[in-house]
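# Topology and contacts: notes
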Amino acid sequence: QVQLVESGGGLVQAGGSLRLSCAASGRPYTTLAMGWFRQAPGKEREFVAAITWSGGSTDYLDSVKGRFTISRANARNTVYLQMNSLKPEDTAVYYCAADRVETIRPHQYEYDYWGQGTQVTVSS
């Protein structure tokens, strides 16, 4: 089993920045890729970004490219999501997810473990 704990959410004004963290524990060496998803009220959960643990390959939702950066600290079993130039439409609960396959995959059903989520609210 792998446990994921997100942190770093909060309230920020439009144009501001936040950095989300996701700490993996348990058996994190069994996971080979990590992703961030988000879910706004009344909407489906959507892919935001993902990264592989070993090679550092990444992918992003088009609307966050150039504003968000996903990175990892392997020794700490932690993945980060740096979010800059935040917009009100970025408001959502952000979830960290772990995949046992070392491939960037954008669909939530492809991930094996999930965190509890952290709220990000961007005010206009």
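You'll find the structure just up there.
Report follows, based on the coordinates. (Residues numbered from 1 in each chain as written. Predicted model: local features only at pLDDT ≥ 70, side-chain atom pairs only at ≥ 80, totals over all residues. Heavy atoms only, no water.)

### Quick look at the side chain of Arg 38
- Here Arg 38 shows up in strand S4 (residues 33–39).
- In this structure Arg 38 comes out as buried when scored by relative accessible area, which is 6%.
- A polar contact of 2.7 Å, which involves the side chain of Arg 38, links it to the side chain of Glu 46.
- For Arg 38, the side chain forms a polar contact with the side chain of Asp 90, separated by 3.0 Å. (Helix = DSSP H or I, 4+ residues; strand = E, 2+ residues; numbered from the N terminus. Buried < 20%, exposed > 50% of the residue type's maximum accessible area, 1.4 Å probe, protein only. Polar contact = N/O pair within 3.5 Å; in protein donor to acceptor, adjacent residues only side chain to side chain.)

### Some details on the packing of aromatic side chains
- Across all of its chains, the model carries 5 aromatic pairs by this definition.
- An angle of 80° between the planes, with centres 5.2 Å apart, marks the rings of Phe 37 and Tyr 111 as edge-to-face. Pair noted here: Phe 37 is in strand S4 and Tyr 111 is in the loop between strand S9 (92–99) and strand S10 (113–114), with a separation of 74 residues, a long-range link. Of the two residues, Phe 37 and Tyr 111, both sit in the buried class.
- Just above the ring of Tyr 95 sits the side chain of Arg 45; from NZ or CZ to the centre is 3.8 Å. (Phe/Tyr/Trp six-rings, centres within 6.5 Å; stacked < 30°, edge-to-face > 60°. Lys NZ or Arg CZ within 6 Å of the ring centre and 35° of its normal.)

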